[in-house]
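# Notes for the structure review
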Amino acid sequence: MSRAFFLLGLASIFGVSSCWEGTTRSICATVLSERGEVQYSKQLSTNSRPVDSKTKLCADSILKTASDAEVDLMLIPGALTRIPGDSELKIAELTLTKDGNETGEAIRERHARVELHSGGMIVLFEGFAQFNIQTPNVGINVLPSCLFRIDVDQSRTRLTCVHGKVFATPKAGQRVAVEAGFFCEWPAERSVISVPEDRQAQTDMTTTLQIGRELTDLGVAARDRLPGVP
Amino acid sequence: MPSPTETLRFCAILATAIFLSRQTGNAQDAGPGPSDAVAPTITVRASASDNSGAQFLSAFISTAMRSNGKNLVSCVATAVKLRPDLAGKIVVCSLNIARIKAQSVTGRVSLDTIDQIIKAAIAAAPSAASAIVTAAIESEPYARDSIIAAAISAAPDQESGIRVAVASSSSMSISPAVIAFNPAEAGPSGAVNSPEQPPSGP
């Protein structure tokens, strides 16, 4: 009798534990809009394919934009980005963790990790997620409610924050918090610099604000669109 | 989140810095120093070049991004008062800031916020009313009527100028005339391919 209770208890523990943690699934980025020649390929593939509004950019996709092109993406819900021309971005990881037992707020975790190899990236991030951007020299931890721009070229990485706060960790150096109205450049001569002190940063700030607004509009339009309807 | 007094202090610093820079014309270096701690003050380096407009706007955006509600409106008023020549751009930037900060489901700025921004900007520089209204309508075409009403209530003596500016501006707002669709006007004239035909006689 006691053995039967023991087995029943064991089965109950297995049954409960199997539903305990949420399930994690890889998701794909949505293309909100594209202009000019934008191509993507899988990491192990040499074949590049053009990006259009139906393209789903999943993990290990490498996106390349021509000099006069740009593409707007929704990496995960709330994380909108514009990739300007002459850029190369790798989508390393996009995952959602969901509690299947919940019928309401089922999302437990969102995770986005991308690698900006060259070019630029304007990011508008609302909501909650672990969002990391890796550049050749700097790792960036994105906090919710922020708008910023990253530019990467062969020798320098520049981060201009327009709204919110971003943490950046250079390969050689200390972690830096860049707040709205400041920018930072690596290799760094100074830590963070006020935007009005630098002509390039001034232009970046004004244009990034405008792009942030456009991304907001695209995000709203994408939300209103029916699933499967481009 | 900065307190209201702190945000007002930002505005005061912004105003003082720009005023002093215009008076002296000398460059000032006001970097935050080697520390990682970011100082919450925005200073503007003096410049008599064409760059001063971009410099002013970036300083305004930096300050306004940290402001909410009435503090944002007071920053708009301060900025427009200092640079009425940039009034249109300042208002558009402030509307964009309000939109990004609002995180509204519709992606639109509330009419109340638009009303406050327009009234504050025009009260600060009534002579720039036309430029402000034109820029605001271009930015937020859905709020065209609210913008015009707010502008006229803030500067009644500028009403004729505002009306002329609105009439001459090519607004992208969707008017009822654009929404109204008559298939008879769109299709080939007189050749409707349908089994249902109009009655032949009276």
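Read on for a plain summary of the structure. Note that this is a predicted model, so its numbers are computed, not measured.

### Topic: the packing of helix H6 (residues 129-139) of chain B against helix H8 (residues 159-168) of chain B
All names here are of chain B. At a minimum axis separation of 9 Å, H6 and H8 run at an interaxial angle of 35 degrees. As H6 runs across H8, the sense of the crossing is right-handed. Contacts between H6 and H8 pair Ala 129, Ser 130, Val 133, Thr 134 and Ile 137 from the former with Gly 161, Ile 162, Ala 165 and Val 166 from the latter. By residue class, the composition of the contact of H6 with H8 is six nonpolar, three polar and no charged.

### A word on a nonpolar patch on the surface
Residues and elements named next belong to chain A. A cluster of nonpolar residues, Phe 6, Leu 7, Leu 10 and Ile 13, forms a patch on the protein surface that exposes about 410 Å² of accessible area. Here Ile 13 shows up in helix H1 (residues 2-18). Residue classification places Ile 13 among the exposed positions, given a relative accessible area of 56%.

### Some points on the nonpolar core
Grouped together as the largest cluster of nonpolar side chains are 62 residues, with contacts concentrated most on Phe 60, Ile 61, Val 80, Ile 90, Ile 118 and Ile 132 of chain B. Those residues in contact with Val 80 of chain B that lie beyond four places of it in its chain are Ala 87, Ile 90, Ala 121, Ala 124, Ala 125 and Ile 132 of chain B. Grouped together as the second largest cluster of nonpolar side chains are 45 residues, Leu 75, Leu 96, Ile 150 and Val 192 of chain A included.

### Topic: the environment of Glu 185 of chain A
Residue and element names in this part refer to chain A. Mapped onto the elements of the fold, Glu 185 is located in strand S17 (residues 182-186). Residue Glu 185 is classed as partly exposed on the basis of its relative accessible area of 21%. In the structure, Glu 185 is positioned 179 residues away from Phe 6 in sequence and 63 Å away in space, judged by C-alpha atoms. Among all residues touching Glu 185, those that are not within four sequence positions of it are Arg 156, Thr 157 and Arg 158. A polar atom in the side chain of Glu 185 sits 2.7 Å from the side chain of Arg 156. Within polar-contact distance, the side chain of Glu 185 engages the side chain of Arg 158 at 2.9 Å.

### Points about the state of the cysteines
Residue and element names in this part refer to chain A. Under the defined criterion, the tally for this structure stands at one disulfide over all chains. Linked covalently through their sulfurs, Cys 28 and Cys 58 form a disulfide whose S-S length is 1.7 Å. In this structure the cystine formed by Cys 28 and Cys 58 twists about its S-S bond by roughly 80 degrees; its chirality is therefore right-handed. Note that Cys 28 is positioned in the loop between strand S1 (23-26) and strand S2 (29-35) and Cys 58 in the loop between strand S5 (56-57) and strand S6 (61-65), a separation of 30 residues in sequence. Among the residues examined, Cys 28 registers a relative accessible area of 27% and is labelled partly exposed. Here Cys 146 is not disulfide-linked; the sulfur of Cys 161 is the nearest cysteine sulfur, at 6.3 Å.

Each value, and the rule that gives it
Residues numbered from 1 in each chain as written. Chains lettered and ligands numbered in written order. Predicted model: local features only at pLDDT ≥ 70, side-chain atom pairs only at ≥ 80, totals over all residues. Heavy atoms only, no water. Axes fitted to C-alpha atoms, helices over the stretch in contact; angles between N-to-C directions. Helix = DSSP H or I, 4+ residues; strand = E, 2+ residues; numbered from the N terminus. Left-handed = near helix turned anticlockwise from the far one by under 90°. Contact = heavy atoms within 4.5 Å. Nonpolar A, V, L, I, M, F, W, Y, C, P; charged D, E, K, R; others polar. Patch = residues over 30% accessible without salt bridge, like charges linked within 9 Å, V, L, I, M, F, W, Y side chains within 5 Å. Areas by Shrake-Rupley, 256 points an atom, 1.4 Å probe, with all protein chains shown as cover. Salt bridge = Lys/Arg side-chain N within 4 Å of Asp/Glu carboxyl O. Buried < 20%, exposed > 50% of the residue type's maximum accessible area, 1.4 Å probe, protein only. Core = buried A, V, L, I, M, F, W, Y, C linked by side-chain atoms within 4.5 Å. Polar contact = N/O pair within 3.5 Å; in protein donor to acceptor, adjacent residues only side chain to side chain. Disulfide = S-S within 2.5 Å.

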